[in-house]
Amino acid sequence: MNKELYSPEKTMAWLNNRLSGIFPNVRRLSRRELAVLKGEYPDLLQQGEPAYRVALQKCLVDVLGRALSVRAGSWTRSLQETDLPCLMVSPAGQISLVFEFSPTRGWGLEDVSSREYVSEFPDGAEFCRIFDPGVGANGSFSAKKLFKQALRERRRVFVFSALAASMVSFLALGTSLYSMQVYDRVIPTQGYSTLIVLTIGVGIAIFLEFVLKLTRSAILEAAIRDVDSEVSHGVFKRLLTIRLDQFPASVGTLAAQLRSYETIRTFYFAATLYAIDIPFALLFLCVVFFLAGPVLVGIILSFVVLAVAVGMLSRTQIVKHTRTGTASSNRKLGLLVEAVEGAEVIKATGAGWLAQIKWGSLSQDAISDDLKVRRYQELASFASASMQQLSYTLLVASGAFIAITDGTITMGGLIACAILSGRILTPIGMLPGLIVQWAHARMAMENLEKVFALRNDNDTCNQPLVPERLHGGYELEGIRFTYAAGGQPFSIDKLEIKPGEKVALLGPIGAGKSTLLKLLAGVYAPKDGRVLLDRLDIQQISRPHLSEVVGYLPQEVRLFAGTLRENLLLGMSDISEEQLVAAATATGLMPFISSHPQGLDLTITEGGNGVSRGQKQLIAFTRLLLSHPEVWLLDEPTASMDDGSERSCLMALRQMISPENTLVLVTHKPALLNLVQRIIVVTSAGVVMDGPRDMVIARLQQNHQAATGPVNQDVKDENGGERHVVAQGGAE
Ligand SMILES: Nc1ncnc2c1ncn2[C@@H]1O[C@H](COP(=O)(O)OP(=O)(O)OP(=O)(O)O)[C@@H](O)[C@H]1O
């Protein structure tokens with residue numbers, strides 16, 4: 001037995017490499033993350049029965065797939081060329097990757113230690129397709145692809161649905177032919193025994209139809225749940241990979257756009273089921289033709305034309321009003337979010353009435369469009385119901401007329417046609433509603449595609465770089481960056497930061513210091529020019545890898561709902577309790593943790609409510625210390641701290657930042673300048689001063705004195721010594 005094939009550690013490492021090689025947007029897990037996953041599979045795979053190993057290997061694929069954010073399809077016993085790449089588990093519990101099919105060499109198989117071509121798979125082997133939801137062949141995301149992929153995966157459900165629909169239709173045919181037989185044969189001949197047999201037969205048919213419908217509905221429900229989970233997974237994944245500078249300004253619009261996948265999913269299912277039912281309506285139409293001739297078929301076809309016309313007419317109006325209505329309701333949602341988050345300011349400034357007026361006017365717009373959409377929807381549904389009744393009446397009247405005048409239709413035949421017409425007219429009557437649903441789904445898809453069209457992290461390269469080690473040397477040349485909302489572009493002609501340099505960025509408010517820091521963190525991409533980190537384009541370095549190496553502490557600290565411990569360990573998995581306590585002690589967070597009865601399990605509510613601004617900053621700071629980055633990018637890290645906390649944080653930074661680590665610091669606090677040897681002064685015109693710390697401070701003070709007279713304010717630095725405040729606006 002080849003033990004390597006059963007080793008979860010080796011299998012995971014091998015699959016991790018192979019899958020991230022196959023799918024351009026799949027990030028390779030770090031050794032640390034793999035170690036955590038592996039913890040779930042203590043050498044169990046090497047023991048046990050083959051069947052047990054097979055189950056564990058499947059579990060391993062599932063867990064690893066979820067961690068890598070790829071999806072494993074359902075396990076099957078057959079394999080087609082179109083299903084590649086896929087994973088195979090042999091009956092002995094060996095896992096292999098089926099990577100290609102060659103007409104001459106056969107199936108390409110690879111496992112932990114070898115590669116080979118085989119013409120046949122071992123008996124009882126099981127396969128599962130591996131795919132990246134929403135990712136096209138060229139690595140591009142598209143909402144349409146995401147849905148198509150999810151539905152294609154469940155094509156078996158639709159095949160079953162079609163089969164069930166065909167059986168239900170034949171059973172329905174039985175019910176209508178039963179009426180015909182009763183009227184034409186049983187009543188004239190008084191055939192009681194025939195009546196009993198026919199009635200029992202129809203009773204069984206009705207029961208079977210009921211069971212089939214229940215089964216079909218349960219299977220479809222499961223498929224809807226699966227599609228929903230897959231699509232929502234893909235949509236959320238897309239949200240997480242949008243590059244930060246691409247995020248739309250309105251939260252309401254973005255949330256509504258992302259949520260719209262539910263409308264699309266509902267339509268896709270309704271349309272697919274409708275399409276499955278249509279051939280059977282045609283079958284019934286043929287039966288009507290044979291029983292009653294072309295006149296009755298003509299009446300039904302006229303109803304089809306009218307139903308489509310009603311649907312299309314109302315669709316145009318619905319699209320128009322949905323478009324304007326959606327914009328208003330998105331703005332309403334945005335205002336709601338703003339009002340909740342800014343409740344403090346609204347109360348303090350007494351601006352509630354202004355928000356109320358805005359809310360009122362947006363509500364009016366939204367409701368008036370909503371009502372118009374509703375009106376056209378109802379118009380379509382009432383018109384189709386009336387037309388359906390009219391067609392039925394016309395059908396019966398014409399049938400009766402034919403039966404009286406030339407007798408080509410028997411009474412039984414007419415009754416069978418009337419029953420069958422219900423089966424044909426009902427789906428046709430649903431057509432206007434479906435057309436309306438299509439209009440909504442198309443708009444939802446348009447909105448979702450707008451989100452999918454936003455640029456994402458690492459979208460300039462197919463296989464993002466994962467360098468073994470980054471030293472933190474930056475080179476920026478010809479940088480030009482503009483916010484999507486517009487405004488003055490931020491530009492830098494040339495800037496170099498050597499590995500291990502400790503730099504402060506100073507400048508007046510709104511000069512672009514935070515923007516520059518985000519460019520250095522790689523979360524923003526410049527419009528022109530490139531930010532190079534260790535000579536590599538930072539946009540080509542894998543985003544998750546960059547997050548591990550580059551520690552970026554933003555100005556606005558955001559905590560997430562959960563516990564304090566979860567917030568401190570965000571994105572990290574192998575931090576021990578001792579390390580956590582040591583970091584919290586170093587930053588001065590420990591007294592806060594100890595003073596609270598829940599300690600590290602303190603509940604943090606959505607948006608980080610429940611802790612003060614300074615505490616939030618301390619938590620974020622402690623989190624950064626725990627992550628041990630190579631490059632430290634700090635945006636006013638102590639802005640909300642008191643002197644004591646600031647001193648603790650400064651000491652912690654001194655201890656943690658090694659001489660090899662690069663530090664870029666934005667600050668308005670003089671005490672922090674003790675950490676750096678170089679100062680870069682930035683204004684809206686770009687870099688205006690750059691040099692050794694003391695020289696730049698001296699020049700800034702000279703500029704300040706020249707502008708305002710010799711007024712210098714002295715403050716104590718972190719060690720209690722006197723320092724001069726650096727004039728932030730002095731460079732202007
Ligand atoms: N999300 C945004 N959308 C549009 N413009 C923005 C956005 N964020 C910042 N700006 C603009 O970009 C410019 C630079 O902003 P930035 O936050 O980088 O300045 P800063 O030097 O860090 O200021 P401060 O010292 O106040 O933090 C400002 O004029 C600001 O108005």
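Fair warning: this is a prediction, and the values are worked out from it, not measured in the lab.

### Comments concerning the overall build of the protein
For step 1, the next point in the chain: The secondary structure content of the protein amounts to 21 helices and 20 strands.
For step 2, the next point in the chain: At 34 Å, the protein has a C-alpha radius of gyration far larger than the 27 Å of a compact globule built from 732 residues.
For step 3, the next point in the chain: Structurally, the protein occupies a C-alpha span of about 120 × 75 × 55 Å along its principal axes.
For step 4, the next point in the chain: Partitioning the intrachain contacts of the protein with sequence separation of at least 6 by distance along the chain shows that 76% fall at a separation of at least 24.

### Points about the sheet that holds strand β17 (residues 678-683)
For step 1, the next point in the chain: Across the sheet, six strands lie side by side as β12-β15-β16-β9-β17-β18; this open sheet has mixed pairing. In this open sheet, the two strands that pair with only one neighbour each are β12 (550-553) and β18 (686-692). The average undirected angle you get between the axes of adjacent strands in this sheet is 15 degrees.

### Remarks on the environment of Val89
For step 1, the next point in the chain: Looking at where Val89 falls in the secondary structure, it is placed in strand β2 (residues 86-89).
For step 2, the next point in the chain: Val89 sits in the buried class, given 25 other C-beta atoms within 10 Å.
For step 3, the next point in the chain: Spatially, the C-alpha atom of Val89 lies 10.0 Å from that of Val61, the residues being 28 residues apart in sequence.
For step 4, the next point in the chain: The residues contacting Val89, other than those within four sequence positions of it, are Val54, Gln57, Lys58, Ile95, Ala125 and Glu126.

### Observations concerning the site of the ligand
For step 1, the next point in the chain: In the neighbourhood of the ligand, the contacting residues comprise Tyr483, Ala485, Gly487, Gly507, Ile509, Gly510, Ala511, Gly512, Lys513, Ser514, Thr515 and Gln555.
For step 2, the next point in the chain: Considering each element in turn, the shell around the ligand owes the most residues, three residues, to helix α14 (residues 513-521).
For step 3, the next point in the chain: Of the residues that constitute the shell around the ligand, the class distribution is four nonpolar, seven polar and one charged.

### Thoughts on the packing of helix α8 (residues 261-292) against helix α12 (residues 411-429)
For step 1, the next point in the chain: Across the interface, α8 lies against α12 with an axial gap of 9 Å and an inter-helix angle of 155 degrees. As judged from the angle between their axes, α8 and α12 are roughly antiparallel. Handedness of the crossing formed by α8 with α12: left-handed. Touching Tyr274, Asp277, Ile278, Ala281, Phe284, Leu285, Val287, Val288, Leu291 and Ala292 of α8 are Gly413, Ala416, Cys417, Leu420, Ser421, Arg423, Ile424 and Pro427, all from α12.
For step 2, the next point in the chain: Within the contact of α8 with α12, the residues separate by chemical class into 14 nonpolar, two polar and two charged.

### A few points about the packing of helix α19 (residues 613-627) against helix α20 (residues 643-656)
For step 1, the next point in the chain: Where α19 meets α20, the closest approach of the two axes is 11 Å, and the angle between their N-to-C directions is 10 degrees. Here α19 lies roughly parallel to α20, going by the angle between them. Touching Gly614, Leu618, Phe621 and Leu625 of α19 are Ser645, Cys649, Ala652 and Met656, all from α20.
For step 2, the next point in the chain: For the contact of α19 with α20, a count of residues per class yields six nonpolar, two polar and no charged.

### Looking at the nonpolar core
For step 1, the next point in the chain: If you look at the biggest cluster of nonpolar residues, it comprises 72 residues, and the most contacted ones within it are Val503, Leu505, Leu520, Leu633, Val664 and Leu665.
For step 2, the next point in the chain: Looking at this core, the element that brings in the most residues is α19, giving seven residues.
For step 3, the next point in the chain: Non-local contacts of Leu520, meaning those with residues more than four positions away in its chain, are made with Tyr474, Val531, Leu633 and Val664.
For step 4, the next point in the chain: The next biggest cluster of nonpolar side chains, apart from the first, holds 29 residues, and it includes Ala307, Leu395, Ile424 and Ala439.

### What about the domain arrangement of the protein?
For step 1, the next point in the chain: With domains assigned, the protein is organised as domain 1 (3-131), domain 2 (143-452) and domain 3 (474-731).
For step 2, the next point in the chain: The C-alpha-based centres of domain 1 and domain 2 are spaced at 41 Å.
For step 3, the next point in the chain: Contacts between domain 1 and domain 2 engage four residues on the former and four residues on the latter.
For step 4, the next point in the chain: Taken together, the residues that form the side of domain 1 that touches domain 2 break down as one nonpolar, two polar and one charged.

Scoring rules and cut-offs
Position numbers for residues start from 1 in each chain and track the written sequence from start to end. Local features in this predicted model are restricted to residues whose pLDDT is 70 or higher, and side-chain atom pairs enter the listing and the counts only when it is 80 or higher, whereas totals over whole chains, interfaces and linings include all residues. Numbering of helices and strands runs from the N terminus, with a helix taken as a DSSP run of H or I at least four residues long and a strand as a DSSP run of E at least two residues long. Computation of the radius of gyration draws on C-alpha atoms alone. For the globule rule, the value is 2.2 Å times the number of residues to the power 0.38. Here, residue contact means that the backbone-derived C-beta atoms of the two residues sit within 7 Å. If DSSP finds at least two bridges between two strands, the strands pair. To obtain each axis, a line is fitted to C-alpha atoms, and for helices this fit is confined to the stretch in contact; angles are then taken between N-to-C directions over 0 to 180 degrees. With C-beta atoms placed from the backbone, the exposure class of a residue follows from how many other C-beta atoms lie within 10 Å of its own: 20 or more, buried; 12 or fewer, exposed; in between, partly exposed. Here, nearness means that the C-beta atom of a residue, built from backbone geometry, sits within 6 Å of the molecule or strand in question. In this count, Pro and Cys sit with the nonpolar residues alongside Ala, Val, Leu, Ile, Met, Phe, Trp and Tyr, while Asp, Glu, Lys and Arg are called charged and the others, Gly among them, polar. Roughly parallel refers to an angle under 35 degrees, roughly antiparallel to one over 145, roughly perpendicular to one between 65 and 115, and oblique to any angle outside these ranges. Should the near helix be turned counterclockwise from the far one by less than a right angle, the crossing is left-handed, whereas a clockwise turn marks it as right-handed. As used throughout, a nonpolar core is a set of buried Ala, Val, Leu, Ile, Met, Phe, Trp, Tyr and Cys residues joined through C-beta atoms within 7 Å of each other. In this document the domain limits rely on a domain assignment from an automatic tool or a database.

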